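Fold and contact review
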Amino acid sequence: MKKITMLMTTVVLSTGIAYAQGGPSQKPETQPGAVRSITLPAVRIELKEGEGRVKAETFCNICHSTDYITTQPKFPLAQWTATVNKMIKVYGAPISEEDAKIITNYLVTNYGAGN
Amino acid sequence: MEHKRFTRRDFLKTAGALTAMTVLGEMPLDLLAATDERRLVRYPEKTDLILLTSRPPQLETPLKYFKELITPNDALFVRWHIANIPTSIDVNQWRLKVGGNTEQELQLSLSDLRVRFEKVTFTAVIQCAGNGRSFFEPRVAGGQWKNGAMGNVTWSGARLKDILNQAGIKAGSVDVSFNGLDTGTLPTVPDFIKSLPVDKALEDDMLIAYEMNGQPLTMLNGFPARLIVPGWYATYWVKSLTDITVLNKSFEEFWMKSAYRIPDTACGCVPPGAKPQKTIPIHRMTTRSLIITPEERSGLKANKPVDIMGIAFSGGYGIKDVVVSTDGGRNWVQARLGKDLGKYSWTQWSYPWRPKKPGTYTLMAKATDSIGGSQPFEGLWNPSGYLWNKVEPLTVVVR
């Protein structure tokens, strides 16, 4: 859990500085109202109750909201396994083998088909 | 007896179940109209759009906006790939860096883009590669778009060619890569960087756009400037650009090498469920059409005229004709084409129809572009859910 808390902190910090990489300005311009900002809405997504829900929520939310789960078709075990593996192998999700099994099982039980 | 609150969601669920169980002809019309029960959300600078995902946001345009030739800025779909998206930009600090295998490096401000380069304006369809993915059978993973991951927008900006020529492309250049402000939440998440072959990047119609429909880009559509690759899917149209890099070798990173690839076959398809032997980066859009009105399952009256109206576009070849069928594809008639805004724009079309007898009718539209490209009657399948352009039957009830 400690590892995840740290990662989430990184997420928040890097969100804040994501835009501040404009580089040195050759000829500084000063325009009034030159900063344009938006505030993204907090969209609440509820995952179904079930064994492994907290793990799924914690790990998946590192990189994306859980509507990335709820809007998917009801996939069989093979597809959910492939998806969780892709998150670990391609995107580097810090999920242990044991947790990957728990999360995959949660996904196929609550958002799966054909078991 | 306990009274439960009957929410809109409950209503829609009930409507869906009733529609499935009941003969269409006996349904009240207001229930029939409820065909899309997906959740609406309002993001900054946007109207109510259909929520696919919230972070990173994927927001779909409701079909009603496609009744217009030009899609309003606040209704245009939104699609980001990695979660740290720009939410605040200081235009005084923002620069577009152009370099790599060039004679000199440029650091262009937004006013440099406006003042130092000729302003070019044209209308072009922007469409997500995965538009229509939810119609694939067997279903595939990814954003479950219906038809709303597209729009027709008038873009203004500087020619990419003019910018690259000012930097001076050196001999031996192969690809040009494009990076924007978005980043992943973990260092292991591949940064969203796309590339074009240098010859493509030097075509006349590639833009670095700073206006959409005469206004600055909305933040969620790539403020302050984005790449426009008209005729090609929007995956290339990198938002909130910061870096254009000319490369003397092929660009080999994740979003070109592993993602956004289609089977290397003539149709870009494989048999449903099959794995392609070889893949290539997705590029030009397939030709397609869509019926916008009447809406699916809307109730019509016998002998009352109704305009069947829709849109059609191609991968940059213009639209030569659109044919319409009101009997499930047995007979076809020519639709009248609307105003021509150029080969990258969509074309509105219409056909005045007067259904003679009550009954259930299957409407279809099929577009052909100026080089003969058209639409299949069966959905062409690929593992990532790209290139959707099937002739889609639409059922209406006439009483």
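Predicted model only: the values in this text are computed from it and were never measured.

Take the overall build of chain A next. Each helix and strand counted, chain A has five helices and one strand in total. Secondary structure elements in chain A, listed N-terminal to C-terminal, are α-β-α-α-α-α. Burial statistics for chain A: of 115 residues in total, 23% are counted as buried. In chain A, 70% of the contacts between residues at least 6 apart in sequence involve partners at least 24 apart.

This paragraph deals with the overall build of chain B. A tally of regular secondary structure across chain B gives six helices and 26 strands. In terms of overall size, chain B behaves like a compact globule, its C-alpha atoms giving a radius of gyration of 22 Å where 399 residues would be expected to give roughly 21 Å. Projected onto its principal axes, the C-alpha coordinates of chain B cover approximately 70 × 60 × 45 Å. Within the span of chain B, comprising 399 residues, buried residues form 47% of the whole. Nonlocal contacts in chain B, meaning residues at least 24 apart in sequence, comprise 68% of its contacts between residues at least 6 apart.

Take the sheet that holds strand S23 (residues 336-337) of chain B next. Residues and elements named next belong to chain B. Taken in spatial order, the four strands make up an open sheet running S18-S20-S24-S23, and their pairing is antiparallel. Both outer strands of the open sheet, strand S18 (288-293) and S23, are each paired with one neighbouring strand and no more. In this sheet, strand S24 (residues 347-353) lies alongside S23 in antiparallel orientation, the contact comprising two bridges. Within the sheet, the bridge partner assigned to arginine 336 lies in S24 and is serine 350.

Attention shifts here to the packing of helix H4 (residues 77-89) of chain A against helix H5 (residues 97-111) of chain A. All names here are of chain A. Two numbers describe how H4 lies on H5: the axes approach to 9 Å, and their chain directions differ by 140°. Taken as axis vectors, H4 and H5 run oblique relative to one another. Here the hand of the crossing between H4 and H5 comes out right-handed. Of H5, the residues touching H4 (which contributes Leu77, Trp80, Thr81, Val84 and Ile88) are Ala100, Ile103, Thr104, Leu107 and Val108.

All right, on to the interface of chain A and chain B then. Many analyses report the size of an interface as the accessible area lost when the parts associate. Facing 37 residues of chain A, the contacting portion of chain B comprises 39 residues. Elements represented by at least two residues in the side of chain A that touches chain B include exactly helix H1 (2-17), strand S1 (35-37), helix H3 (67-70) and H4 of chain A. By residue class, the composition of the side of chain A that touches chain B is 16 nonpolar, 18 polar and three charged. Of the pairings in the sheet, the one linking S1 of chain A to strand S5 (residues 88-90) of chain B comprises three bridges and is antiparallel in character. Its bridge partner being in S5 of chain B, serine 37 of chain A is matched across the sheet by serine 88 of chain B.

A separate point is the domain arrangement of chain B. Residue and element names in this part refer to chain B. Taken domain by domain, chain B comprises domain 1 (8-63), domain 2 (96-259) and domain 3 (288-398). Spacing between the C-alpha centres of domain 2 and domain 3 amounts to 30 Å. Contact with domain 2, which involves 18 residues of that partner, is made by 16 residues of domain 3. For the side of domain 2 that touches domain 3, the element with the most residues is strand S8 (residues 119-127), which contributes four residues. For the side of domain 2 that touches domain 3, the class distribution of residues is eight nonpolar, eight polar and two charged.

About the thresholds
- Residues numbered from 1 in each chain as written.
- Chains lettered and ligands numbered in written order.
- Predicted model: local features only at pLDDT ≥ 70, side-chain atom pairs only at ≥ 80, totals over all residues.
- Helix = DSSP H or I, 4+ residues; strand = E, 2+ residues; numbered from the N terminus.
- Buried ≥ 20, exposed ≤ 12 C-beta atoms within 10 Å, placed from the backbone.
- Contact = placed C-beta atoms within 7 Å.
- Rg over C-alpha atoms; globule rule 2.2 N^0.38 Å.
- Pairing = 2+ DSSP bridges.
- Axes fitted to C-alpha atoms, helices over the stretch in contact; angles between N-to-C directions.
- Parallel < 35°, antiparallel > 145°, perpendicular 65-115°, else oblique.
- Left-handed = near helix turned anticlockwise from the far one by under 90°.
- Nonpolar A, V, L, I, M, F, W, Y, C, P; charged D, E, K, R; others polar.
- Domains from an automatic or database assignment.

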